[in-house]
Amino acid sequence: MSVVNSISAAEAIDHSRHGEAVMVDARPQVMRHQGSLPGAVVVEPGDVPARFTPTPSGTFPVVRDRDTEIAVVSVRSQAPRIAEQIADLGYTNVRYVDGGYPALRSNPTV
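First, a word on scope: everything that follows refers to the structure included in this document. Quick caveat: nothing in here was measured; it's all calculated off a predicted structure. (Residues numbered from 1 in each chain as written. Predicted model: local features only at pLDDT ≥ 70, side-chain atom pairs only at ≥ 80, totals over all residues. Heavy atoms only, no water.)

1. Thoughts on the overall build of the protein
The condition is simple: Secondary structure elements follow DSSP: runs of H or I no shorter than four residues count as helices, runs of E no shorter than two count as strands, and numbering proceeds from the N terminus. To get the radius of gyration, use the C-alpha atoms; to get the globule rule, take the number of residues to the power 0.38 and multiply by 2.2 Å. Relative accessibility decides the category of a residue: with a 1.4 Å probe and only protein chains considered, values under 20% of the type maximum give buried, values over 50% give exposed, and everything between is partly exposed. Only heavy atoms enter the contact rule, under which two residues are in contact if any of them lie within 4.5 Å. Where accessible areas are quoted, they stem from the Shrake-Rupley method and a 1.4 Å probe; at the residue level, only the protein chains shown are allowed to cover. For the purpose of charge, His is not counted, nor are the chain termini; Lys and Arg are scored as positive and Asp and Glu as negative. Every charge is mapped to an atom, namely NZ of Lys, CZ of Arg, CG of Asp or CD of Glu.
For the protein, the helix and strand inventory stands at 4 helices and 5 strands. Reading the secondary structure of the protein in the N-to-C direction produces β-α-β-β-α-β-α-β-α. Rg of the C-alpha trace for the protein: 13 Å, near the compact-globule value of 13 Å for 110 residues, within the 12% margin. Taken along its principal axes, the extent of the C-alpha atoms in the protein is 40 × 30 × 25 Å. Buried positions account for 44% of the 110 residues belonging to the protein. In the protein, 64% of the contacts between residues at least 6 apart in sequence involve partners at least 24 apart. On the protein, roughly 5700 Å² of surface is accessible, and the fraction owed to carbon and sulfur atoms is 51%. On the protein, the mean spot of the 10 positive side-chain charges and the mean spot of the 12 negative ones are 6 Å from each other.

And the structure:
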């Protein structure tokens, strides 16, 4: 199992806006009624392995390559585990957003 670190909501927003990171909204569908994250890739938590497993040709679905920064947003208790799942598939720059969706929504730039 990989060890991933958190990223602040402000950093995640900044990195995503500047094209330095892909924001992944891995909140369950029932939680996404809180609101959307513009530009985020939406993935059901149970679909993470299938959506992030590199293809047989070696390409990476969802993001451009294994070194792309990925900022995972999910239910606070699930975010580190989901980020670790993605990292275990070979991605090298995976983090989870500290405070999840509420932290992102409380940021005035969202």
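2. A closer look at the pairing of strand β2 (residues 21–25)
Inclusion rule: Only strands joined by at least two bridges in the DSSP assignment are considered to pair.
Burial within β2 is extensive, with 5 of its 5 residues counted as buried. Burial of β2 is two-sided: the residues Ala21, Met23 and Asp25 facing one way and the residues Val22 and Val24 facing the other way are all buried. Looking at chain direction, β2 and strand β4 (residues 69–73) are connected through 5 bridges and run parallel. Of the residues in β4, the one forming a bridge with Met23 is Ala71. In terms of strand pairing, β2 meets strand β3 (residues 41–42) through 2 bridges, oriented parallel. Following the sheet pairing, Asp25 is matched in β3 by Val42.

3. Brief notes about the packing of aromatic side chains
The line we're drawing: Pairs were defined over the aromatic rings of Phe, Tyr and Trp, the Trp ring being its six-membered one, requiring ring centres within 6.5 Å. Orientation was assigned from the angle between planes: stacked under 30 degrees, edge-to-face over 60, tilted for the rest. We call a charge positioned above a ring when the Lys NZ or Arg CZ atom is no farther than 6 Å from the ring centre and deviates by at most 35 degrees from the ring normal.
Within this structure, the stated rule accounts for 1 aromatic pair. The side chain of Arg27 reaches across the aromatic face of Tyr101, ending 4.0 Å from its centre.

4. What about helix α3 (residues 79–88)?
For α3, the set of buried residues is Ala79, Ile82, Ala83, Glu84, Ile86 and Ala87. Among the structural elements, α2 (48–52), β4 and β5 (94–97) are those in contact with the buried residues of α3. With its phi angle positive at about 110°, Gly90 sits one or two positions after the end of α3.

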